[in-house]
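Structural characterization, general
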Amino acid sequence: MAEAANRKAGSGSAEGKLGTFAGVFTPSILTILGIILFLRLGYVVGNAGLGRTLLMIALANAISILTTVSLSAIATNLKVKGGGDYYLISRTLGLEFGGAIGIVLFLAQSVSIAFYCIGFGEALTDVLPVSGKHLPQIIAAAAVSFLFIFAWLGADWATRFQYVVMVILATALVSFFVGGVARWDSALVASNWTSPASGPSFWVLFAIFFPAVTGFTQGVSMSGDLKDPGKSLPRGTFIAVGLSALVYVTVAFLFAGGLPREVLSQDYASMKRVASIGFIIDAGVIAATLSSGMASFLGAPRILQSLAQDRIFPFLLPFAKGAGATGNPRRGVLLACGIAFATVALGNLNLIAPVVSMFFLISYGLLNYATFYEARAASPSFRPRFRWFDARLSLLGGIACLGAMLAIDVAAGLVAIAVLFSIYQYLKRTAGPARWADSRRSYHLQRVREHLLGAAREPEHPRDWRPELLVFSDDPERREPLLRFASWLEGPSGLTTVVKILEGEGVKMTKRRDEVEAELRKDLARLHPGAFPLAVVAPNLSVGVNTLVQAYGIGPIRANTILLNWMEQLPGGEKTQSTQGYGRNLRGAFRLGCNVIVLDAKEETWAALAEVPPEKRRIDVWWWRDRTSRLMLLLAYLMTRSEEWSGARIRVLAVESKKEEGEAEDDYEATVEDLRKTLEEFRISAEPEVLVNTSVETVAEHSGNAALVFLPFRLKGDHLVGPFGGRVEDLLAPLPVTAIGLAAEDISLDAEPEEGKSAEMAAALDAFSDAKKKAEKVEREAAEDHGYAEKKLSELREAAAAGVNEEVRSDIEAAALDVMELANRAARRQTEAQAKMEDAAKKAEAVGASPEEDSQDSEEEQKAEKERDEEPEAP
């Protein structure tokens, strides 16, 4: 109850009082308009030139705007609670990323308090008549104590203090604008437009300027104190970023038009030279540093409080408690204050400041990536009310943040990434199950959809075969060996679904199904975490098996192998079910195209297997040169890819028929060599051995000391028959753990890429293409013959019309018949070619290819075809 109350008090979801102006705009704008504006922007203009300075402002604010777009999308898609960036990232990318960025952001903002206060101390030292080596640190410590009071009192008091700071900042900027307009000189602008011949590089100056825009998410850290975070966060952040960008551009122009390059590049306090009242700029510098420190003092404890409430780091639990109606995180304020004091004591921040900047950049990059990740997942629940969101902008923002990190300081960026990655890996190992729903499941489901559609578009090939197992498990006491064996068979290449069929009907069976599925899930978590549970209700076992084998799967993922235990025997030797019924169910699955694997793992043989080290295990595969033999060999190889069988050997035992008297003795060696070549073609390392005159009685002699045995079986009616024709149970009795198999599909272990359905489709399409080209050629030749026939007939008509005697008329008629025969032969050739093309098209469609044909001919082709179809008339 107390924990729930603390969580409610710290969330701010019910007690938040701050609006857009006080809660988001004010802390953001005051942090952006900080010490860089007053003490470094003139220096950047003097060394980079106005043109490049404007480019820097544009690049930096582009990152701000892109990140704000992402922030607006997430903030309007879910109800934002306390924690700011941490809350948004953790609820999208998961607790590992969220916890890592949360802890480093808390440390970064705590260090930033000291950073800003030391800046305040240095600025005040320049004003005071006294001086001393440690005076800036003493002033900074006093400033931390002063800000601590407002942070301890709460966000309301801190906001009132920020209003005072805002007035001072505004007054300082007005003084500068008035002085800048009065000193404006167009000639100076022209001379200051370009960069000097010598001086710092563009990226060095960009690194100096970029921290100016890193405060635009300070308002996000106040999310738990807002009345309506969904509206206030986008609106307040956009206004703060837009207004601050306008201020920076205006100030840059006034610097360029008010002072020569020599002054700007040398004097950090050049703003005082331009301002109409110089001492107000000193007040502005002091106010800017204090306001930035105050914003960090407000943000850091709230991130820590949200982390503690989520119980990601157990040692942070004491910081979950808040004080007062708004849940002010006073314990976090104390810790942030302690870190700030320790940092002030160090004095020199040159080593820490770059890494702190990288932490802020990483948080912006992750915020952009989280939004892109959420959109890429295409979840129906992603419905941001922010209308101008586009996932490509979020991706661009993430890339821009990474580019800025590399451009500003590669070493500091690598250190920051290493720290973040270390915390991420720690949380990945220790965090336990997820405490909330994030976007990862939606993302995986979307990838599954895309990959299923992609796989369905590609034709099947023997090289792509992998075991998709349906494991039938009815007895919980015999489930462990079965699940372990299934995990070995995966290789890890396939998928396993563990099934229990419940016989019955009615509403009660629905509840029973849920209970059984929960029981399966519990066993899988312990024995085979990579498998899926499934409980099915059916009128009887046969209906359940047949229906499940046909209906299981989606798209190209279909069950191709069933795995089950051998029939259990009672102490007296009686089986728990009839052999005939057992075989009938296996036959049903086999006829539906499923391979069948039956595991015989007696209690004593399974215990013996567990005692054998992986490197001393041997798998015996009995080889009959058929498709079942190839299936068993492939499954044995897949087992060696699992950790428990990584050092095992495979032995292939080929059975030869009895030798006739006088048969050559070297036939044995030839058979062994042939088997060795076959294994080389299959690319499977195994020891070939040929056995002659083997029977049921001698199988145990050869494989009795193996760790596991693969043997084929056949179905004779509804009975299982061993490879030697006898009963399977007689064969299994003396053997160790044994898997008997029956292959319904022929798996080619030496298939080449050019074989398979793809090759058949390509050959069919090639044949169609050749037939089409030939038909087109014959069509052209027929058109030429038809034209020739028309021409000759026209000449014959003219000759006949001229009036000729009977002998000449007879010659004309004979010539006309020859021309008619020529046209008829052309038409026959065209018909035959068209028939061949249609036949090739049917063959292509039969193998799944889709030959593209023009559905409509051009008007000229239709006209020509019509003319060819008209039979020429003899004169």
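This one's a predicted model, so the numbers in the text were calculated from it and none came from an experiment.

1. Let's talk about the overall build of the protein chain
Helix and strand counts for the protein chain come out as 31 helices and 14 strands. In the protein chain, which comprises 875 residues, the share counted as buried stands at 50%. Residue pairs at least 24 apart in sequence account for 82% of intrachain contacts in the protein chain once pairs closer than 6 positions are excluded. Total accessible area on the protein chain stands at roughly 41,700 Å², and carbon and sulfur atoms take up 55% of it.

2. As for the sheet that holds strand 3 (residues 532–538)
Judged by pairing direction, the sheet is mixed, and its 10 strands sit side by side in the order 3-2-1-6-7-14-11-8-9-10 without closing on themselves. Edge positions in the open sheet fall to strand 3 and strand 10 (687–692), since each of these has one partner strand only. Between one strand and the next, the sheet's axes are offset by a mean angle of 25 degrees, whatever the strand orientation. Strand contacts of helix 21 (residues 507–527): strand 2 (495–503) and strand 3, with the helix running at about 155 degrees to strand 3, the strand carrying the most contacts. This element, helix 27 (residues 696–703), spans strand 8 (618–623), strand 9 (649–656), strand 10 and strand 11 (708–712) of the sheet and lies at about 150 degrees to strand 8.

3. Quick word on the environment of Leu402
With respect to the secondary-structure elements, Leu402 resides in helix 17 (residues 391–408). Sequence separation between Leu402 and Ile362 is 40 residues; the distance between their C-alpha atoms is 7.7 Å.

4. Some thoughts on the confidence of the model for the protein chain
Chain-level pLDDT for the protein chain is 84 on average; 87% of the residues reach the 70-or-more range. Contacts for the low-pLDDT stretch residues 1–14, under 50 throughout, to residues beyond four places or in other chains number 21 contacts. In this model, residues 853–875 is a region of pLDDT below 50 whose contacts with residues beyond four sequence positions or in other chains number 27 contacts.

5. Side note on the nonpolar core
Grouped together as the largest cluster of nonpolar side chains are 142 residues, with contacts concentrated most on Phe209, Tyr248 and Phe297. Broken down by element, the residue count for this core peaks at 16 residues, all from helix 6 (residues 95–127). What Tyr248 contacts, discounting residues up to four positions off in sequence, is Ile32, Leu33, Gly34, Ile36, Leu37, Leu41, Ile57, Phe209 and Ala212. If you look at the next biggest cluster of nonpolar residues, it comprises 54 residues, including Phe485, Trp623, Ala743 and Ile747.

6. A few points about the packing of helix 4 (residues 41–75) against helix 11 (residues 229–258)
Helix 11 packs onto helix 4 with a crossing angle of 170 degrees between their chain directions and a minimal axis gap of 10 Å. One finds that helix 4 runs roughly antiparallel with respect to helix 11.

7. Notes on helix 19 (residues 440–457)
Because an α-helix packs 3.6 residues into every turn, residues spaced three or four apart end up facing the same way. If you check helix 19, its first and last C-alpha atoms are 26 Å apart, about what 18 residues at 1.5 Å a residue would give, namely 26 Å. Listed as buried for helix 19 are Gln446, Arg447 and Leu452.

8. Some remarks on the pairing of strand 8
Counting buried residues in strand 8 gives 6 out of 6 residues, a clear majority hidden from the surface. Because side chains alternate across strand 8, one face comprises the buried residues Arg618, Asp620 and Trp622, and the other comprises Ile619, Val621 and Trp623, equally buried. As judged from the 6 bridges shared by strand 8 and strand 9, these two strands associate in the parallel manner. Residue pairing for strand 9: Asp620 is matched across the bridge by Arg651.

9. What about the pattern of salt bridges?
Per the counting criterion, the structure on display carries 25 salt bridges. Arg630 serves as the salt-bridge partner of Asp746, at 2.7 Å between the closest nitrogen and oxygen. Here the residue Asp746 occupies a position in the loop between strand 14 (738–742) and helix 29 (757–801), and Arg630 occupies one in helix 25 (residues 627–639), the gap between them amounting to 116 residues. For Arg630, a relative accessible area of 18% gives the class buried. Of the charged contacts, one joins Asp730 and Arg727 as a salt bridge, the two residues approaching to 2.9 Å between their closest N and O atoms. You can call Asp730 partly exposed: its relative accessible area is 41%.

10. Describing the side chain of Asp282
Along the chain, Asp282 falls in helix 14 (residues 278–309). According to the relative accessible area criterion, Asp282 is buried, its value standing at 18%. Among all residues touching Asp282, those that are not within four sequence positions of it are Val127 and Lys272.

11. Digging into the packing of aromatic side chains
What describes a pair of aromatic rings is the distance from one ring centre to the other and the angle between the planes of the rings. Following the criterion strictly, the structure yields 32 aromatic pairs and no others. Three or more aromatic residues joined by ring pairs make a cluster, and in this case those are Phe485, Trp488, Trp606, Trp645 and Phe710. Note that Arg91 overlies the ring of Trp436, its terminal NZ or CZ placed 3.8 Å from the centroid. One residue, Arg617, lies across the ring of Trp645, its end atom 4.7 Å from the ring centre.

12. Points about a nonpolar patch on the surface
The grouping of Leu402, Leu406, Val410 and Leu414 at the surface amounts to a nonpolar patch, some 370 Å² of accessible area in total. Listed by contribution, the elements that provide at least two residues to the nonpolar patch are helix 17 and helix 18 (410–430). Residue classification places Val410 among the partly exposed residues on the basis of a relative accessible area of 43%.

13. So, the packing of helix 6 against helix 18
In contact at an axis separation of 8 Å, helix 6 and helix 18 are set at 135 degrees when each is read in the N-to-C sense. Between helix 6 and helix 18, the interaxial angle falls into the category oblique. For the pair helix 6 and helix 18, the crossing hand works out as right-handed. Between helix 6 and helix 18, the contacting residues are Leu95, Glu96, Phe97, Gly99, Ala100, Ile101, Ile103 and Val104 on the first element and Val419, Leu420, Ile423, Tyr424, Leu427 and Lys428 on the second. By residue class, the composition of the contact of helix 6 with helix 18 is 11 nonpolar, 1 polar and 2 charged.

14. Here we look at the environment of Ala538
Summarising the element assignment, Ala538 is placed in strand 3. Along the primary structure Ala538 and Met509 are separated by 29 residues, whereas in three dimensions their C-alpha atoms are 9.5 Å apart. Once you skip the residues sitting within four places of it in the chain, Ala538 turns out to touch Ile501, Leu502, Glu503, Gly504 and Gly544.

15. Details of a positive patch on the surface
Taken together, the side chains of Lys774, Lys777, Arg780 and Lys836 make up a positively charged region of the molecular surface. Looking at which element gives the most residues to the positive patch, the answer is helix 29, with 3 residues. Residue classification places Lys777 among the partly exposed positions, given a relative accessible area of 48%.

16. Focus on unusual backbone geometry
When glycine is set aside, most residues are seen to have a negative phi, and most peptide bonds are trans. Its identity as a non-glycine residue notwithstanding, Arg311 has a phi of 60 degrees, on the positive side. With respect to the secondary-structure elements, Arg311 resides in the loop between helix 14 and helix 15 (330–346). When its relative accessible area of 32% is taken as the criterion, Arg311 is described as partly exposed.

17. Observations concerning the side chain of Ser64
Note on placement: Ser64 falls in helix 4. A relative accessible area of 2% places Ser64 in the buried class. If sequence neighbours within four positions are ignored, Ser64 has contacts with Val213, Phe216 and Val241.

What counts, and where the lines are drawn
- Residues numbered from 1 in each chain as written.
- Predicted model: local features only at pLDDT ≥ 70, side-chain atom pairs only at ≥ 80, totals over all residues.
- Heavy atoms only, no water.
- Helix = DSSP H or I, 4+ residues; strand = E, 2+ residues; numbered from the N terminus.
- Buried < 20%, exposed > 50% of the residue type's maximum accessible area, 1.4 Å probe, protein only.
- Contact = heavy atoms within 4.5 Å.
- Areas by Shrake-Rupley, 256 points an atom, 1.4 Å probe, with all protein chains shown as cover.
- Pairing = 2+ DSSP bridges.
- Axes fitted to C-alpha atoms, helices over the stretch in contact; angles between N-to-C directions.
- pLDDT = per-residue confidence, 0-100.
- Core = buried A, V, L, I, M, F, W, Y, C linked by side-chain atoms within 4.5 Å.
- Parallel < 35°, antiparallel > 145°, perpendicular 65-115°, else oblique.
- Expected span 1.5 Å × (residues − 1).
- Salt bridge = Lys/Arg side-chain N within 4 Å of Asp/Glu carboxyl O.
- Phe/Tyr/Trp six-rings, centres within 6.5 Å; stacked < 30°, edge-to-face > 60°.
- Lys NZ or Arg CZ within 6 Å of the ring centre and 35° of its normal.
- Patch = residues over 30% accessible without salt bridge, like charges linked within 9 Å, V, L, I, M, F, W, Y side chains within 5 Å.
- Left-handed = near helix turned anticlockwise from the far one by under 90°.
- Nonpolar A, V, L, I, M, F, W, Y, C, P; charged D, E, K, R; others polar.
- Lys, Arg positive; Asp, Glu negative; His and termini not counted.
- Charge placed at Lys NZ, Arg CZ, Asp CG, Glu CD.

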